[in-house]
Amino acid sequence: MENQEKGALSRRSFLTGAAATAALAVAATGLAACTPSGGGGGGGGGGGEVTPEAPTGNTGVTVGQINPQDYDYRTNTITDFANSAFFTPWQIGSHTIPNRMVKSAAFQLAFMRGNPDEYITYYKRMAEGGVKMIWIEDCASLWDFTASPMKPPMEAFDMPALLSELHGAGAVVGYQFDTMGSPVGPLTFSRPFIANYSTEDVKSWVQAIIDIGVRLKETGFDAYELNFAANNLGQSFFSRARNTRTDEYGPQSLDSRCKFMEECISGIKAACGQDFIVQLLINGVEENDAVLGDSTQYVTVEETKAIAKKAEAAGADAIHLRIGPNIMHIAQFASELYFAPRGLEGQTGHGARFDFSKHYGGILRGSHSGCGINLDLAGAIKEAVSIPVGCASYNDPAQAPDYFEQAILDGKVDFLIMNRPLCVDPGYVNKLMEGRIDEIAPCTRCLHCFYDSDLKGTALMEHCRVNAANWRAYGPVMPEGYTPAPAAGDKKVMVVGGGPAGCEAARIAAQRGYSVTLYEKTGVLGGRLEGAESIKGPHENLRRLATYFAKQQEVCGVNVVTGTEVDADLIKSEAPDVVILATGGIRTSLGLTASGKTAVYDFENFIGADLGIKVVVWGGNCHAVDTAVYLAGQGYKVDIVAPDSYPVPAPFGMPSPLDPLKTFDKGHSGNMREFLLPALTATGCHIWCDAKINSVGDGFIEITTDTGLKQTIACDSVVDVSDLLPNKALLDGLNGIEAYAIGDCDVPYNIAEAISAGNLTARML
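Note that this is a predicted model, so its numbers are computed, not measured. (Residues numbered from 1 in each chain as written. Predicted model: local features only at pLDDT ≥ 70, side-chain atom pairs only at ≥ 80, totals over all residues. Heavy atoms only, no water.)

A few words now on the pattern of salt bridges. Following the criterion strictly, the structure yields 40 salt bridges and no others. Where D376 meets R365, a salt bridge forms, and the shortest distance between an N and an O atom there is 2.9 Å. Of this pair, D376 sits in helix 12 (residues 375–382) while R365 sits in the loop between helix 11 (330–333) and helix 12, and the two are eleven residues apart along the sequence. For R365, a relative accessible area of 17% gives the class buried. A salt bridge links R543 to E530, with the shortest nitrogen-to-oxygen separation between them at 3.5 Å. Placement of the pair is R543 in helix 18 (residues 542–556) and E530 in helix 17 (residues 529–536), with a sequence separation of 13 residues. Both residues of the pair, R543 and E530, count as buried. Each of K203, E248, K259 and E263 takes part in one network of salt bridges that share partners. (Salt bridge = Lys/Arg side-chain N within 4 Å of Asp/Glu carboxyl O. Helix = DSSP H or I, 4+ residues; strand = E, 2+ residues; numbered from the N terminus. Buried < 20%, exposed > 50% of the residue type's maximum accessible area, 1.4 Å probe, protein only.)

Given below as C-alpha cells:
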C-alpha cells in the first residue's frame, strides 16, 4: 500500500482479472510476452497495440474517475446462435432481412482502383458470408454540384454485375448518397455555407437528390440512404450552428429545419414508388468537441426524436444513427477512439476529455470502451417512431454476445450497423450463426484501415491490420485476389515463432495445401499480444486476436510445437523445404545506469517496480507511447524523450511526409495518434522529440534538445523503451533451404506490417 501511495505500480494491481491468466501463460519469461525478447516468436507482436483482458477499471494511482471502464459486459451464455435474437427477421419497407447485422456504407479503396474483380468480390464475400443488407458507399459522382476528384462517374463501375452477384447471394442492396468535401459539406459542421445559396438553389438540390434516387432504382438498387449526418448537406439544415438562412429552410423552427429533409424523402417516394427503401442517416446527438460544453446550438436527443418523427411521416423506412462531434470526423463513426488512451478515456482529440455521464446528453454508453456506445441513443429514438432504428460505431456481437442480444431483446435497436468487423472477416455472420466465435477474425479497432500510410509512407490507405488482403486483393502484390492460390507442388514449411507474423504465415501456407509445422519456444501462441495487452488495456481486442490465431492453426491443419526453441541443428534435422523466421526483434538499450534518486528500468522490467512519481519514458516507437499513456493514466507525471521527429499534423490521420521509421509514435495509425498524443499532452506530458539523454543524475536526467540545448528534467525513474532491431541470425548458414525473415525480426514496425508480411510471404511460396 505504501508503494501505491507513492505512485508505484504493483504487479497485483497491474495484472487484474484475466490479465493474470496471460501472465501465467508466459511465466517462463515473466512479462516478456510483450517484449521482443519474450518468445520464440514475436513476429511483429511488438507493434505496441495491446491490452489486459478484463481489468475492472483503472488500477493503481488514478487520474480521476471520469468514464470508469467495466469489461464484464463481454459474456456469452448463448448456446444456439441460429435461434438467438441476432437471427430473427426484421422488416425494412417491403423487404424482410433474416438477421440483424447490416453492412454500412463506408469508404474503402476497392472502387477507387476501379477493378471490378476487387469491388465485386469484396462485397460478394460478405453477402455469401451471411450479410443480407448491404449499403454501398457513395463511390461515384452522381451530381456535378458535389462531385469529388476521388469519385469517377457511375458509368466507370460495373454496377449491374455487382448487383447481380449480391442479389444472387440473397442480399438487399442500397446506395448511400453523401456530400462530404463539397461546398455544402465542409470538414467541420460549424461553417454556415448553405446561407450563401438562394431558395431556388435549395429547391434544385431537392430535385437533384430525387433524380439520383430515380437513377439508383433504374440501376437496380433496392434502397437509398440519405447521409444527412456528420457535416453533410442535410445536417446543415438541421443544425442551428450551421444554418443561418432567413427563408423557409432556415433555423426559425423545427419545421423549417426539417423542410429540406421532408421534401427529399417524400419526393423520392413519389418518384420511385413506396417499395423503394429510403433510409435516413442522422446525428442522433451532437456535441462541440472543439470548445467542450459549448453546445447550445447543437442537436439534442429530443430534437432528434422530433426529426425522426418527421422523417417517418415523410415516408422514411428506417433511421440510422451516429453521433455528431463538431471537429473529429473519425469519431462520428469510430467513436471508440475516445477510449483508446487507457486510463484517460473520453479524450476528445483536442486536449479535453468528455464526461460521458454528462456530455452528449449523458445518453452514450461510456463504460464499455466504446462497444455499443449508441445503443441507448437508438433506444431513445425508437420510442418516438415505429420504423426500424439502427446505430453505428463499434457493434460486434462476437465480442459481447449477451450484451448485444439483450439490446435487441430490450427493443433498444432493430439492426446493428457494422463495417470494420465485416471487412476483417466477411464470413462473420455465418460463423456467428454457427457459434464459431473463436474462428471470427476480430477487428482490433486500430484504424490502420482509414487514411493511414503504409510502412514506406507512400500509400494513402494501406490495409486492415488483421486482414492483409483488404486493399491489396487483385493488385500487384496479390493478383490472385482474396483467396490464396493452391500450392504448386509439395513443400515442407517450417515456421519459427508463434507471434502474429508466424501464425499468419502458417495459416496461409496451410490453407494453400503445404505441410506446415509452427514452432514456438513458449507454451502459448500469440507472441507478445497477451503480455502487451497488459499495458494497452482491452481496447484493441488483442488477446482475442491471439485466440483466433491459435484456433486457425487447428482449423487449417498446422502442426504446432510449443516449448521448443529452434536452432540451426533442429532446422537441419527437420530438413524443411522452406523456413519462415518470425522470432521478433531484439530490443536495444541506451545502457543508462541508475544514479542516486533516479532509477533506470528496461521495458522488460518496469512492471512492479517502484517508479516514484515522475517518470521519463525514452523512445519514439508505439511501445514507448503506449507505456507513457498507461503510466499517465495511472497518475504518474510522465515526460517522453525520443530520438524521432514529431509527426506533421495531417487531417483524417493521413500520411505524414516524414519517414515512418523515424517518426515519433511510429507504428500507430494516424487516427490512433490523433487521440493518444493529445491525451498525453493534456496530462502535462512534455514530448521532447529529436532529443537524446546524456546522463542520469540524482533525481534528474540531462538531455540535449532538438535545438542543441542541454537541460535537466526532474525524474524519479527512466523507462528505456528503445527501438527494436532485426533478429535474423538464425538464417545464417542455412544453405540450400528457401528461407525468409518476416515481421519484427526483419523490419521492426507494428502488428499490421507483421501480419501482412506473413500473409504475402506464404502466398509466394
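Back to the write-up after that little detour.
A word on the packing of helix 17 against helix 20 (residues 622–634). Relative orientation of the contacting elements helix 17 and helix 20 amounts to 45°, with a least axis distance of 8 Å. By the angle between their directions, the pair helix 17 and helix 20 is classed as oblique. Contacts from S534, I535 and K536 of helix 17 reach helix 20 at D626, T627 and Y630. Here the residues of the contact of helix 17 with helix 20 sort into two nonpolar, two polar and two charged. (Axes fitted to C-alpha atoms, helices over the stretch in contact; angles between N-to-C directions. Parallel < 35°, antiparallel > 145°, perpendicular 65-115°, else oblique. Contact = heavy atoms within 4.5 Å. Nonpolar A, V, L, I, M, F, W, Y, C, P; charged D, E, K, R; others polar.)

Take the packing of helix 9 (residues 254–272) against helix 10 (residues 301–314) next. Between helix 9 and helix 10, whose axes approach to 9 Å, the crossing angle comes to 35°. Between helix 9 and helix 10 lies a crossing of right-handed hand. Together, L254, D255, R257, C258, M261, E262, I265 and S266 of helix 9 and E303, A306, I307, K310, A311 and A314 of helix 10 make up the contact between the two elements. Among the residues forming the contact of helix 9 with helix 10, the class breakdown is eight nonpolar, one polar and five charged. (Left-handed = near helix turned anticlockwise from the far one by under 90°.)

The next thing to look at is the environment of P251. On the secondary structure map, P251 appears in the loop between helix 8 (233–238) and helix 9. Overall, the relative accessible area of 23% leaves P251 in the partly exposed class. Measuring from C-alpha to C-alpha, the distance between P251 and F237 comes to 7.3 Å, with 14 residues separating the pair along the chain. Other than its neighbours up to four places away in sequence, P251 contacts R240, N243, T244, R245, S256 and R257.

Spatial ordering of the open sheet is given by 13-12-11-14-25, a layout of five strands whose pairing is parallel. Whereas interior strands pair on both sides, the edge strands pair on one side only; in this sheet they are strand 13 (559–562) and strand 25 (738–741). Going from strand to strand, the sheet's axes swing by 15° on average, the running direction of each strand aside. By the bridge criterion, five bridges tie strand 11 (residues 492–496) to strand 12 (residues 515–520) in an arrangement that is parallel. (Pairing = 2+ DSSP bridges.)

Let us look at a nonpolar patch on the surface. Nonpolar side chains collect at one region of the surface, where F107, M112 and M150 lie side by side and expose about 230 Å² of accessible area between them. One can find M150 in the loop between strand 4 (133–136) and helix 6 (159–168). Accessibility expressed as a relative area gives 35% for M150, which makes it partly exposed. (Patch = residues over 30% accessible without salt bridge, like charges linked within 9 Å, V, L, I, M, F, W, Y side chains within 5 Å. Areas by Shrake-Rupley, 256 points an atom, 1.4 Å probe, with all protein chains shown as cover.)

Moving on: the environment of H368. Here H368 is to be found in the loop between helix 11 and helix 12. Separated by 294 residues in the primary sequence, H368 and R74 have C-alpha atoms spaced 9.2 Å apart.

Picture the strands of a sheet paired through backbone hydrogen bonds; they go either parallel or antiparallel. Across the sheet, five strands lie side by side as 16-23-17-18-19; this open sheet has parallel pairing. Of all strands in the sheet, those with a lone pairing partner are strand 16 (599–602) and strand 19 (687–688), marking the two edges. Taken together, the five bridges between strand 17 (residues 614–618) and strand 18 (residues 637–641) define a ladder with parallel strand orientation. In the strand pairing of strand 18, K614 is matched with K637. Against the sheet, helix 20 engages strand 17, strand 18 and strand 23 (717–720), with an angle of about 165° to strand 17.

Attention now moves to unusual backbone geometry. Here A230, not a glycine, exhibits a phi torsion of approximately 50°, which is positive. Within the secondary structure, A230 sits in the loop between strand 6 (223–227) and helix 8. Residue S393 is not a glycine yet carries a positive backbone phi of 85°. Along the chain, S393 turns up in the loop between strand 9 (389–391) and helix 13 (401–409).

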